[in-house]
Amino acid sequence: MRAIKVHTFQKEKYTLVFGAFILGFTLLAGRLCYLMIFRSEELSKKALNIEQRERTIKAARGKIYDRNGIVLADNQAVCSVSVIYYQIKESQKVIKLLSQKLALSEEEVKKKVEKVSSREKIKSNVPKSVADEIREAGLDGVKVDEDYKRYYPFGTLASKVLGFAGADNQGILGIESRYDDVLKGTDGKILTLTDYQGIEIENAAETRVEPVNGNDLYLSVDYNVQCYVQQAAEKVLKVKKAKRVSVILMNPQNGEIYALVSLPEYDLNEPFVLTKAYEAEGKNQNDKLNDMWRNPVISDSYEPGSTFKIITATAALEERKVTLQDSFFCPGFKIVEDRKIRCHKTQGHGSETFKQGVMNSCNPVFMEIGARVGAKDMLRYYHKLGLYERTGVDLPGEANSIMHKLDKIGAVELATMSFGQSIQITPLQLMRAVSAGINDGRLVTPHFALEKKNPVTKEITEYEYKEKAGAVSKETSQTLREVLEAVVAEGTGKNGQVEGYRVGGKTATSEKLPRRSGKYISSFLGFAPANHPQILGLVLIDEPQGTYYGGVIAAPVMAEIFQNVLPYLDNL
Amino acid sequence: MNAVQKKSWKKPKRRPQAMDYSILFLVLFLVGFGLVILYSTSSYKASLLYNDTTYWVKKQALFAAMGICGMLFIATRDYHIWQKKWWFAWVIYGGVIGLLLLTFAIGAASHGSQRWISIGPFSLQPSELAKIGIILFLAAYISSKSREMRQWKKMVIPFLFAIPIIVIVGIENLSTCIILLAISFIMIFVATPLLVPFVVIGLIGVAGAGGLLLTQGYRMERITVWLDPAASEKGHQTIQGLYAIGSGGLFGKGLGQSMQKLGFLPEANNDMIFSVICEELGLFGALCVLALFFALIWRFMVIAVNAPDLYGSMIVVGVIAHIGIQVFINIAVATNTIPNTGIPLPFISYGGSSLVFMLLEMGLVLSVSRYINVKK
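Everything quoted here is computed from the prediction, not taken from an experiment.

Check the secondary structure of chain B and you find 13 helices and two strands. Evaluated residue by residue, chain B yields a buried proportion of 50% over its 376 residues. Pairs at least 24 apart in sequence give 73% of the contacts found in chain B among residues at least 6 apart.

Once that is clear, we can look at the overall build of chain A. For chain A, the count of helices and strands is 20 helices and 19 strands. In chain A, the share of contacts with a sequence separation of at least 24, taken over all contacts with a separation of at least 6, comes to 71%.

Time to look at the interface of chain B and chain A. Contacts between the two partners involve 48 residues from chain B and, on the opposite side, 36 residues from chain A. Of all the elements in the fold, those that place two or more residues in the side of chain B that touches chain A are helix 7 (174–191), helix 10 (236–248), helix 11 (273–305) and helix 12 (310–334) of chain B. Sort the elements by how many residues they give to the side of chain B that touches chain A and helix 11 of chain B lands first, with 11 residues. When its residues are assigned to classes, the side of chain B that touches chain A shows 32 nonpolar, 14 polar and two charged.

Along any regular strand, the residues point their side chains to alternate faces of the sheet. Residues and elements named next belong to chain A. Residues K334 and V336 of strand 12 (residues 333–336) are buried on one face, while the alternating residues F333 and I335, pointing to the opposite face, are not. The pairing of strand 12 with strand 13 (residues 339–342) spans four bridges and is antiparallel. Note that in strand 13 the partner of F333 across the bridge is R342. Here strand 12 hands over to strand 13 after two residues, with E337 in that stretch at a positive phi of 50°.

Residue and element names in this part refer to chain A. Judged by pairing direction, the sheet is antiparallel, and its five strands sit side by side in the order 10-9-19-18-17 without closing on themselves. Both edges of this open sheet fall to strand 10 (257–263) and strand 17 (504–511), since each of them pairs with a single strand only. Neighbour-to-neighbour, the strand axes of this sheet turn through a mean angle of 10°, independent of strand direction. Strand direction decides the pairing type here: strand 18 (residues 520–528) and strand 19 (residues 535–542), joined by eight bridges, are antiparallel. Note on strand 19: the bridge partner recorded for G526 is G537. Sitting on the sheet, helix 9 (residues 223–239) is in contact with strand 9 (244–250), strand 10 and strand 19, with an inclination near 30° to strand 10. Contacts from helix 19 (residues 474–490) reach strand 17 and strand 18, with the element oriented near 70° to strand 17.

Let's shift gears to the packing of helix 10 of chain B against helix 11 of chain B. What describes two packed helices is the angle between their axes and the distance between those same axes. All names here are of chain B. Running from N to C, helix 10 and helix 11 point in directions that differ by 10°, and their axes come no closer than 6 Å. As judged from the angle between their axes, helix 10 and helix 11 are roughly parallel. Touching G241, A244, I245, S247 and G248 of helix 10 are S275, V276, C278, E279, E280, G282 and L283, all from helix 11. Split by residue class, the contact of helix 10 with helix 11 holds five nonpolar, five polar and two charged.

Okay, unusual backbone geometry next. All names here are of chain A. A cis amide bond, omega -5°, links L263 with the succeeding residue P264. Residue P514 follows L513 across a cis peptide bond; omega there is -10°. Along the chain, the position of P514 falls in the loop between strand 17 and strand 18. One non-glycine residue, A158, adopts positive backbone phi at about 55°. Here A158 is to be found in the loop between strand 5 (142–151) and helix 6 (159–162). Even without a glycine there, the phi angle at R516 is positive, about 65°. Following the sequence through the fold, R516 ends up in the loop between strand 17 and strand 18. By C-beta crowding, R516 is classed as exposed, having 6 other C-beta atoms within 10 Å.

Residue and element names in this part refer to chain A. As for its placement among the helices and strands, G500 is situated in the loop between helix 19 and strand 17. Residue classification places G500 among the exposed positions, given that 8 C-beta atoms sit within 10 Å. Residues G500 and L566, spaced 66 residues apart in sequence, show a C-alpha to C-alpha distance of 9.8 Å.

For the rest of this paragraph, the subject is the pairing of strand 19 of chain A. Residues and elements named next belong to chain A. The element strand 19 is extensively covered by neighbouring structure, given that eight of its eight residues are classed as buried. Neither face of strand 19 is left uncovered, since the one carrying I535, G537, V539 and I541 and the one carrying L536, L538, L540 and D542 both have all their residues buried. Inspection of the sheet shows strand 9 paired to strand 19 by seven bridges, in the antiparallel sense. Among the inter-strand pairings, V245 is bridged to a residue of strand 19, identified as I541. Where strand 18 hands over to strand 19, the hairpin turn is made up of six residues, counted between the paired strands.

About the cut-offs
- Residues numbered from 1 in each chain as written.
- Chains lettered and ligands numbered in written order.
- Predicted model: local features only at pLDDT ≥ 70, side-chain atom pairs only at ≥ 80, totals over all residues.
- Helix = DSSP H or I, 4+ residues; strand = E, 2+ residues; numbered from the N terminus.
- Buried ≥ 20, exposed ≤ 12 C-beta atoms within 10 Å, placed from the backbone.
- Contact = placed C-beta atoms within 7 Å.
- Nonpolar A, V, L, I, M, F, W, Y, C, P; charged D, E, K, R; others polar.
- Pairing = 2+ DSSP bridges.
- Axes fitted to C-alpha atoms, helices over the stretch in contact; angles between N-to-C directions.
- Parallel < 35°, antiparallel > 145°, perpendicular 65-115°, else oblique.

The analysis is restricted to geometry; functional conclusions fall outside its scope.
If you want it as structure tokens, here you go:
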């Protein structure tokens, strides 16, 4: 075949083609420089975003202590066990070990072990000892992760106060919920590189952000007092076959709550298991649980009955509408407008002074002095004593009072209000108002949390609470303490006496609505020492069977509690 | 002896010299480098899917070995055997079209898109064969009709011959169709002294392509993805590729340290392998790879210019066009310089047919290199 020469023009064309390639390659080199120098930072950041997986390290939740440092809410180390499909070498061994140690059926474990997934959780909340055994077996592909679980060492103790924290370390009720941001801390994280399925790359460098544990919280609750109170309350609940028994012990001088019991309580370690008392009702599971968790002392209002006479007396004394020596006559009833409102003693107390009227808890006396004060001034005192506002206690779900509007208050309403009917307040509102009455007029904020402690710096921050002075004068307060001491010493509150201590108090028996249902709340409000109250207690027995007079059944409970607590008072 | 050789192109039947070892070295280096990178990109996925980190590398190494043997065999033959008889070119032409149609027929029979023909344990991708076929055919045709190539009407004839192959390939595989078109275009371009018609054809081509893109929504989509890959789902591959390139920085994360290859970047073994090179070896490594290809093309240019005859020269130009365009498009796609189209990076991307035929083309060039006019 004839060979044909490469022409000169072709060589020029070659130069053109070559030039085009030079141009093209230069363009690419330039583009590469742009991407890998000027946009490198931005692009690598974005790449890291998808290549990294965040694994959280749980922060330990802060502990909750009583006022003396006894742990009421703690953390327990638990573990979760999972398997990684691609790393398992001896699947039979793994299945056998896990089913044995975790008390699961072999089929169940087998299904999870053989599932092609990057990570399969076999069981969580595994006790640490069991998890350690599994870890020590050293089988490939079995992962044990440590975790915390909230643990309440005393189970039901102060359940309505503490509340509980859920599995995700989130406070759900009570103190746990109210102080969640203090207790929960900040989770740390481990950033690991993973492949597109999220499988961690072995030997890849990890970035670790350490968790910050939550603050410890110190409550005003005293473990011992809470125990005494719970025992006393349990006793009366059983004897009187009552629906509920609630007891609050508070320092009237500063609002620190020493104990709050509301039976039946529930086990904080098993908050989703209904206790017997709440099982029966024909509601759905959620309502039943809410009933069980509910703290009636702050979430429910009730007609206080005769204990509210303290408020009426305070107003009348402060307004100088009555003195202790003023005399009254009780025929067993009082006609108000067209109504005949009875005294609890139907045959009447006869002639009595105001002081005796209080000691007798005589309704006509209080109707009379209530009328003397008048509706407008009465409501002014309600305001002064904090009955129109929530107490500000550091628990979630507090209810407010239900009161008459001023223009709706006629003589009948004023009369019934005077002895604690036709209005509704929460037990804690009553406690707060009475505190102001007997502590020389300072309106305190009932509270639990005293201080928080930073786990790292050990720095302690005390909580401060609002206090408003001047609700009533010192003289009135003095008079009130005196007359309430007389109630216990010689009046209806006799059963509240404690040998060797000066106790003041007031009984109450309120009929629950609707009237004539035969359901009562028997209560007793007591304080000691009467001359300078250090402790104020309220016992509420809800729907007792048999005798239902507060002075008969509630006062002895308070006396029993005081008997145990008063000698101990110096330790508080 | 030099004096004899200087004029020896007039006498084709002379003793050949040694082949161009710089090309041989570059090619072997690229193949070896390709295997290393492929091992890096594929080992993780291979261990997940086949529990064998070397699953793909072993296959590719086998093809490389076959290809290198074939390359050396062809390199040591006289390249004129491919045009010894006038009908050889037509056998090649017919063979390529036949194989392409056969692929279609098999594909139609199995009710699916088909790019492969299975021969025993191997599967052949006829579109790769089409590239070497079109180079050999056009080289033979143009060198035998070199005078006619001066008239632009006659010049169009070889292009018309190429069109059936281009179209048949283009139905299934747009990317390869573009490569074939570019090879034909460049080979005819250098074979004629004419320049104006090419400028005209170029302009018509650009206008036509533009019109086609604007009228067909699904092609337009590629453009919108290209302009803003982050805005569209379809931009996933491009975005992941850019992440890989960008996270390489100046010197890269180190060989084997790519994160994007762990399943984030689609086609990491094939069309997007250059992104992994960037991530692992950085700008430095990427420019080195670019320089290697450039050196190869430069050596080819030297051989094309000094080829003993037009036939040999045209073969080399065809191979230059093939490699150059493929490298350019591959890297341009990886860096999102042009809209996405899937083209493997020569010698490096995973793919048996592509590697084997590329090496055979190298064999042709090496064969030509043995006959070049060596100037003192």
